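Coordinates in review
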Number of protein chains: 2
Amino acid sequence: MQRGRKPTKSPKEPDHASAAPSLRTISQHAGVSITTVSRVLNGRPGRIAPATVERVQRLIEEVGYRPHQSGRSLRTRESSIIAALTSDPSNAYFSAIAGSIESAGRNDNHVMILANTMGDPQRQDERLLEMRSYLTRGIVHFGAVPSPGLQRFLEQGVPMVFIIRPCPLPIEAPLVGVDDYRAGTDVAEHFISQDYRTYGVILGIEASRASERRYLGFRDRMKDAGHEVAVGGRHIGGSMMESGYLQATTLLERKPPPRAIFCTTDMLAYGAFRRCTELGLRVPEDVVLFGFDDNPLNEWVAPWLSTVRTPYESFGPSVWEVFNTLWTDRGSDPPQIILPHHLVIRPEDRAPITRHDA
Amino acid sequence: MQRGRKPTKSPKEPDHASAAPSLRTISQHAGVSITTVSRVLNGRPGRIAPATVERVQRLIEEVGYRPHQSGRSLRTRESSIIAALTSDPSNAYFSAIAGSIESAGRNDNHVMILANTMGDPQRQDERLLEMRSYLTRGIVHFGAVPSPGLQRFLEQGVPMVFIIRPCPLPIEAPLVGVDDYRAGTDVAEHFISQDYRTYGVILGIEASRASERRYLGFRDRMKDAGHEVAVGGRHIGGSMMESGYLQATTLLERKPPPRAIFCTTDMLAYGAFRRCTELGLRVPEDVVLFGFDDNPLNEWVAPWLSTVRTPYESFGPSVWEVFNTLWTDRGSDPPQIILPHHLVIRPEDRAPITRHDA
DNA sequence: CTGAAAGCGCTTACAG
DNA sequence: CTGAAAGCGCTTACAG
């Protein structure tokens, strides 16, 4: 099957490629130039005859034409892709936020790539390079770690926004998060008001500035009130739950054991919970666990977990807002959005749910 | 700043674009043609002088060059993107699977787009069209709904694999899942062996063939044994948890209420659990709840939930295997991989976790 | 072992 | 109001 003439067909032609129409397809059917179709598509200047617009639009609709992104972004040097990089993909709270970002992006026809860095600086850099090769318009970080690549990208002005966990480098970077320090003091305040007497804390990874700030706020307020805080340890690999379990093990061996424990994320508290039940301790009757994030599942399966609720549904729109700022007035101060938080004390009085339809 | 000569520069030139090297950058620095660089990059035929290879490779490494995906896929009419479409992004079990797929794709330099269809046929079709405009190499469906677009894409031979929930259309389509019917009978078998006497079931959405099959297997086996099964209702929108809650409400109003309830997914069981606790019923002492999937969080926060465990870590590699089959021998029967399942009965004897390092 | 050239699908000055 | 043409970065026959 040798064919050797000049105007070669496309190089590969997979079976289903025939199905994907191009600008040319539309232009031929409509009897106009591809320029015109492109302009209709983008609502561009150089106004086009209403009749033409309508005809072209109908055609586009009919064949389900969508411009090939590769052609478009090759030309414009810009894509409609944003990337969400995380070191902790199993975190359900992150999933919820990722979902909210994805939804918010929908309105602007953006698409979201999800990538796992495994919390490894080298992999993170690899991912960053990869994302650039896709001309991603923006990168969302959840749990970034310090790395040379991160530094370089930050300096190059690649639009990046950190969610919840601030940039791990000593650089002012765009952020959507909560006032971690303040939230920590709020939890301390609550503990003090309940007069729990003995206190402990279970921490996330060393590199997490969010975890650090929550802890500092908590500890500072406790110290002010003259209370000591026992530290269970640090997250040292494995899952957060495992880590919470191990740190709880350490804490609960103390004499006396802490009556109330602040965990800097719900996942840690889940692990601690298991240890408590193993020891026959009831939560919160014997040991109070206080988490952070309010994982969406809590209200169903963790009625024993008090926590700091952060509005995960708001992250999507806020991240979007930051990106828009970044895309338009580049050069201004890095935008930071601090979302409100509040304490959720459980068990709470729960009203039975009633069917709202039917 | 009017410039009008022929060899125009790139159309837009964002500030950070300078940072992204191209084939030309490398070729100039190396003093070879872009053809050669491209060949080194792809390990292509027409063997290249080892010295050249090395020089080029060093350069690539140095500047952190990665080929622009838009250029590449415009030329090859193929991308390295796979898409995961779901109607249920908040499902932690799905997140776990998505993570496993993403990891598996890593090895082959693929990237994963995550998109939410909201279970709406129209949105699903919109997403499908959009994914085609990105030339996605494959689409993974979790909870697809019947739609004209789905049908069309299936017929056009776009590589798609359904995970857990089979294709909702009467078409044989690639699948990675479990033997749902059999799993349903297994649960029934267990219930019977425990002699729980009164039985109920809480179901997912009508369109879910997976949920349906689990139910049928369960009901058939129960019927064989002469037991009746009370149906709580159907998922009719809202979250799965809410739905489980409402169906449990209905079931538990019966006289006598079911002693054991099979929920076709863990999320439904979570909702049911809340209703049980509201009514002061203990799980599993008063009401046995049996779920499906074994959400990774269960072992930490739901020691009361027995469930059918499906090996979510195996999904990534299996999905990949199916895609590879689809990409190579197109035309053969749609590959289907049935992963093994087993019952997890909780509360189980749990050995305390010990630190494996340090 | 290496390179010049064509062309994938798009957008956008430029010229009518 | 409309179109011809250039060029984004890549891969791949084809020709040395």
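The present account deals with the structure reproduced in this document. Nothing here was measured: the structure is a model prediction, and the numbers come from that model.

A cis amide bond, omega -5 degrees, links A:Lys255 with the succeeding residue A:Pro256. Each neighbour pair has its own omega, and for B:Val283 with B:Pro284 the value is 5 degrees, a cis peptide bond. With a phi close to 60 degrees, A:Met118 is a non-glycine residue in the positive phi region. By the element assignment, A:Met118 lies in the loop between β2 (111-116) and α6 (121-133).

Here the focus is the packing of helix α1 (residues 23-30) of chain B against helix α2 (residues 34-42) of chain B. Residue and element names in this part refer to chain B. Remark: α1 packs on α2, axes separated minimally by 8 Å, with the N-to-C direction vectors making an angle of 105 degrees. Between α1 and α2, the crossing angle belongs to the class labelled roughly perpendicular. The residues of α2 that touch α1, namely those facing Leu23, Arg24, Ile26 and Ser27, are Ile34, Val37, Ser38 and Leu41. Here the contact of α1 with α2 is built from residues that sort into 5 nonpolar, 2 polar and 1 charged.

To continue, consider the pattern of salt bridges. Counted according to the given criterion, the structure contains 42 salt bridges over all chains. Residues A:Asp286 and A:Arg282 are paired through a salt bridge, measuring 3.1 Å at the closest nitrogen-oxygen approach. Take A:Asp286: its relative accessible area is 28%, and that puts it in the partly exposed class. Among the ionic pairs, B:Arg58 bridges to B:Glu54, the shortest N-O distance being 3.5 Å. Pair noted here: B:Arg58 and B:Glu54 are both in helix α3 (residues 50-63), with a separation of 4 residues, about one helical turn.

Below, the discussion takes up the relation of the copies chain A and chain B. With an axial shift of 0.0 Å and an RMSD of 0.0 Å, the rotation relating chain A to chain B amounts to 180 degrees. Put plainly, the chains are arranged around a two-fold axis. Both copies present the same face, since 100% of the interface residues in chain A are matched by interface residues at the equivalent positions in chain B.

All names here are of chain B. Within the open sheet, the 6 strands sit side by side as β7-β6-β8-β9-β10-β12. Their pairing is mixed. Looking at which strands have only one partner, the edges of the open sheet turn out to be β7 (229-231) and β12 (342-344). Taken over all neighbouring pairs, the strand axes of this sheet differ in orientation by 25 degrees on average, direction set aside. The strands that helix α8 (residues 180-194) touches are β6 (199-202), β8 (260-263), β9 (288-293), β10 (306-309) and β12; relative to β9, the one it contacts most, it runs at about 160 degrees. Packing against the sheet, helix α11 (residues 266-278) makes contact with β6, β8, β9 and β10, and its axis sits at approximately 155 degrees to β9.

Criteria and cut-off values
- Residues numbered from 1 in each chain as written.
- Chains lettered and ligands numbered in written order.
- Predicted model: local features only at pLDDT ≥ 70, side-chain atom pairs only at ≥ 80, totals over all residues.
- Heavy atoms only, no water.
- Helix = DSSP H or I, 4+ residues; strand = E, 2+ residues; numbered from the N terminus.
- Axes fitted to C-alpha atoms, helices over the stretch in contact; angles between N-to-C directions.
- Parallel < 35°, antiparallel > 145°, perpendicular 65-115°, else oblique.
- Contact = heavy atoms within 4.5 Å.
- Nonpolar A, V, L, I, M, F, W, Y, C, P; charged D, E, K, R; others polar.
- Salt bridge = Lys/Arg side-chain N within 4 Å of Asp/Glu carboxyl O.
- Buried < 20%, exposed > 50% of the residue type's maximum accessible area, 1.4 Å probe, protein only.
- Least-squares fit on C-alpha atoms with pLDDT ≥ 70 in both.
- Pairing = 2+ DSSP bridges.

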